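Secondary and tertiary structure notes
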Amino acid sequence: MINLNKTISPDVIKVWRISSFIGYSISMTCAFIFILLHGLYDWSYWIRIIGYIVIMLLVLGMIIETTILPKYRQRFWRYGVNEKFIYMKFGGFLFKSELIIPISKVQYVDLRQGPLLKKYELLSINIMTVSSEHEIPGLPKKVAEDMREEIAISSSLHRNEVNEAEYLQKGR
């Protein structure tokens, strides 16, 4: 088993907070526009009440997603890589996910960086297999690039070993 002592960058907390704030701000703006339209078009009173309930839920969601969840998510994210497997562990008390991805199943590794990640000099690594895509978010640039190279080299070496074994087996 591999040691899962590697964590994602603490700066990813800022990225997640800003991203959540932007998303919730857009949603609340739409809800406010809905309430303004209620006043202009004299819709039924219950529609206005629903609008206020939606805004209250959005405010509550924004508070949770910008204060508690980012720190919680970063604290519980762990990953590790060796020559045979990629390990990821994330979640917390209620929901946990632990993934073990065989290096032999990796199709390609992709580094992604949006504007917020770029501001904090972070990258996300996306690992694609035949059937799924897995992400390790918020890694410092150097760590992400080194990890991409390590996975690519291990995957390539494994494929060469398999091809060589098949070649030797057919030759007999």
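The structure under discussion appears in the preceding block.
Let me begin by describing the structure that accompanies this report. (Residues numbered from 1 in each chain as written. Predicted model: local features only at pLDDT ≥ 70, side-chain atom pairs only at ≥ 80, totals over all residues. Heavy atoms only, no water.)

**Quick notes on the overall build of the chain**
Our working rule: Counting from the N terminus, the helices are DSSP H or I runs at least four residues long and the strands are E runs at least two residues long. Only C-alpha atoms enter the radius of gyration, while the globule expectation follows 2.2 Å times N to the 0.38, with N the number of residues. In what follows, a contact means two residues having at least one pair of non-hydrogen atoms within 4.5 Å. Areas reported as accessible are Shrake-Rupley estimates using a 1.4 Å probe. Residue values count occlusion only from the protein chains shown.
Scanning the chain from N- to C-terminus turns up 4 helices and 6 strands. Starting at the N terminus and walking to the C terminus, you meet the elements of the chain as α-α-β-β-β-β-α-β-β-α. In terms of C-alpha radius of gyration, the chain reaches 23 Å, well past the compact-globule figure of 16 Å for 172 residues. Counting only C-alpha atoms and orienting by the principal axes, one finds that the chain spans roughly 85 × 30 × 30 Å. Residue pairs in contact within the chain that sit at least 24 positions apart in sequence constitute 48% of those at least 6 positions apart. If you sum the accessible surface of the chain, you get close to 11500 Å²; carbon and sulfur atoms cover 61% of it.

**Regarding the sheet that holds strand β5 (residues 122–129)**
In a beta sheet, neighbouring strands are held together by backbone hydrogen bonds and run either parallel or antiparallel to one another. For the record, the criterion: Any two strands with at least two DSSP bridges between them are considered paired. The axes are straight lines fitted to the C-alpha atoms, using for helices just the contacting stretch, and the angles between their N-to-C directions are given from 0 to 180°.
Reading across from one edge, β4-β5-β6 is the order of the 3 strands in this open sheet, with antiparallel pairing throughout. In this open sheet, the two edge strands, each paired with only one partner strand, are β4 (106–112) and β6 (133–140). Mean inter-strand twist for the sheet, computed between neighbouring axes without regard to direction, equals 20 degrees. Where β5 and β6 come together, 6 bridges link them in antiparallel fashion. Considered in β6, the bridge of Asn 126 is made with Glu 135.

**Here's the deal with the sheet that holds strand β3 (residues 96–102)**
Pairing is antiparallel across the open sheet formed by 3 strands, whose spatial order is β1-β2-β3. The outermost strands of the open sheet, each flanked by one partner alone, are β1 (78–81) and β3. On average, each strand axis in the sheet is inclined to that of its neighbour by 5 degrees, with strand direction left out of account. Of the strand pairs in this sheet, strand β2 (residues 85–91) and β3 are connected by 7 bridges, and their pairing is antiparallel. Bridge assignment links Phe 85 to a residue of β3, and that residue is Pro 102. Sitting on the sheet, helix α2 (residues 45–76) is in contact with β1 and β2, with an inclination near 150 degrees to β2.

Geometric values such as these leave the question of function open.
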